Amino acid sequence: MEVKLWNDKREREMYENFAELYAIIKATEKLEKAYIRDLISPSDYETECQKLIVHFKTLSATLRDLVPSIERFAETYKMDCSAAVYRLVTSGVPATVEHRAAAMASTSSSASVVAECVQNFITSMDSLKLNMVAVDQVYPLLSDLSASLQKLSILPPDFEGKIKMKEWLSRLSKMGASDELTEQQARQLHFDLESSYNSFMAALPNAGN
């Protein structure tokens, strides 16, 4: 006899999202352990970890009302994934980024500011994927990102991310709060964010030079 977990389409979607969240947490736990044991290269780890973090942030935003606490979710399903919970919830960035940030702490910048920049980049890109394209939704995120980039003295004034964020903020300031980015504008903004993020990440290893 087949037992149904759901009674309607809405419940089915909820359980499917729960299953996806469970899978992301489990995958992150395995990835963290593989990295600690040197079973995966730092570059491969960082790429895969970043993907999982982005997927997690997107899904957890969707499930915010149903799953207010990821820690409780993991406890409820007896997941025993403390490393994944730390990486996804507490840190929000790959361990490799944390390590580079820590190495930079002795310079004029700090690890916390680097982590702040990374999180602001991810949040901004994630919001576009969630179709949050109204000016009053986009502007605060880009403003936070721009402010965090300005805190890092290791980045030159002509750093790509600084310039592009200023250009976008100037463009958005001329629009109404309820105005929305067109599909083409949203696509261009996401491209600029991704390009700036990649440049930012590439700059980190050389920060101590």
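Residues numbered from 1 in each chain as written. Predicted model: local features only at pLDDT ≥ 70, side-chain atom pairs only at ≥ 80, totals over all residues. Heavy atoms only, no water.

Peer 1: Now, about the side chain of E32: what can you tell me, with residues and values included?
Peer 2: Topologically, E32 is positioned in helix α1 (residues 9–36). Only 2.6 Å separates the side chain of E32 from the side chain of Y45, close enough to count as a polar contact. Setting aside its immediate chain neighbours within four residues, E32 contacts Y45, C49, A83 and R87. (Helix = DSSP H or I, 4+ residues; strand = E, 2+ residues; numbered from the N terminus. Polar contact = N/O pair within 3.5 Å; in protein donor to acceptor, adjacent residues only side chain to side chain. Contact = heavy atoms within 4.5 Å.)

Peer 1: Hey, could you go over the environment of P157 for me, with residue numbers and the actual values?
Peer 2: Considering the arrangement of structural elements, one finds P157 in the loop between α7 (135–151) and α8 (160–173). With sequence-adjacent residues up to four places away left out, P157 is seen in contact with K162 and I163.

Peer 1: So what's going on with the environment of S127? Which residues, and what values?
Peer 2: Of note, S127 is situated in helix α6 (residues 111–129). The exposure class assigned to S127 is buried, which follows from its relative accessible area of 5%. Once the C-alpha coordinates of S127 and V138 are considered, the two residues, eleven residues apart in sequence, prove to be 7.8 Å apart. (Buried < 20%, exposed > 50% of the residue type's maximum accessible area, 1.4 Å probe, protein only.)

Peer 1: Could you give an account of the pattern of salt bridges, with specific residues and numbers?
Peer 2: Enumeration over the complete set of coordinates arrives at seven salt bridges. For E48, the salt bridge identified is with K51, shortest N-O distance 3.7 Å. Taken together, the residues E48 and K51, both in helix α2 (residues 42–62) and three residues apart, mark about one turn of the helix. E48 gets classed as partly exposed once you look at its relative accessible area, which sits at 36%. (Salt bridge = Lys/Arg side-chain N within 4 Å of Asp/Glu carboxyl O.)

Peer 1: Can you tell me about the side chain of S91, naming the residues and giving the values?
Peer 2: Along the polypeptide, S91 turns up in helix α4 (residues 82–91). Reaching out from S91, the side chain makes a polar contact with the side chain of E98 at a distance of 2.7 Å. The residues contacting S91, other than those within four sequence positions of it, are Y86, E98 and Q119.

Peer 1: Outline the environment of E29, listing residues and values.
Peer 2: The residue E29 is located in helix α1 in this model. E29 sits 55 residues away from A84 along the chain, and the two C-alpha atoms are 4.6 Å apart. Dropping the residues within four chain positions of it, E29 is found in contact with D80, C81, S82, A83 and A84. Within the local environment of E29, its side chain forms a polar contact with the backbone nitrogen of A83, the two atoms lying 3.2 Å apart.

Peer 1: So what's going on with the packing of α6 against α7? Residues and values would help.
Peer 2: Between α6 and α7, the shortest axis-to-axis distance is 9 Å and the interhelical angle comes to 155°. In terms of orientation, α6 lies roughly antiparallel with respect to α7. For the element pair α6 and α7, the recorded crossing hand is left-handed. Two secondary-structure elements touch here, α6 through V113, E116, C117, N120, F121, T123, S124 and S127 and α7 through L141, L142, D144, L145, S148, L149 and K151. Taken together, the residues of the contact of α6 with α7 sort by class into seven nonpolar, five polar and three charged. (Axes fitted to C-alpha atoms, helices over the stretch in contact; angles between N-to-C directions. Parallel < 35°, antiparallel > 145°, perpendicular 65-115°, else oblique. Left-handed = near helix turned anticlockwise from the far one by under 90°. Nonpolar A, V, L, I, M, F, W, Y, C, P; charged D, E, K, R; others polar.)

Peer 1: Before we move on, could you go through unusual backbone geometry and cite the residues and values that matter?
Peer 2: Even without being glycine, D80 reaches a positive phi, approximately 50°. Along the chain, D80 turns up in the loop between α3 (70–76) and α4. Given the relative accessible area of 69%, D80 is considered exposed. One non-glycine residue with positive phi stands out, namely N131, at about 65°. Among the residues examined, N131 registers a relative accessible area of 58% and is labelled exposed.

Peer 1: Would you mind going over the packing of α1 against α2 in detail, with residue names and values included?
Peer 2: Where α1 meets α2, the closest approach of the two axes is 10 Å, and the angle between their N-to-C directions is 155°. What the angle tells us is that α1 and α2 run roughly antiparallel. By crossing handedness, the relation of α1 to α2 is classed as left-handed. Residue-level contacts link N17, E20, L21, I24, A27, T28, L31, E32 and Y35 of α1 to P42, Y45, E48, C49, L52, H55, F56 and L59 of α2.

Peer 1: Explain the nonpolar core to me, and be specific about the residues and the numbers.
Peer 2: Across soluble globular proteins, nonpolar side chains show a tendency to be buried alongside one another. Counting 56 residues, the largest nonpolar core has L21, I25, L142, L149, L193 and F200 as its most contacted members. A total of eight residues in this core trace back to one element, the largest contributor, which is α6. Formed jointly, this core draws a minimum of three residues from each of two domains, domain 1 (9–93) and domain 2 (104–202). (Core = buried A, V, L, I, M, F, W, Y, C linked by side-chain atoms within 4.5 Å. Domains from an automatic or database assignment.)

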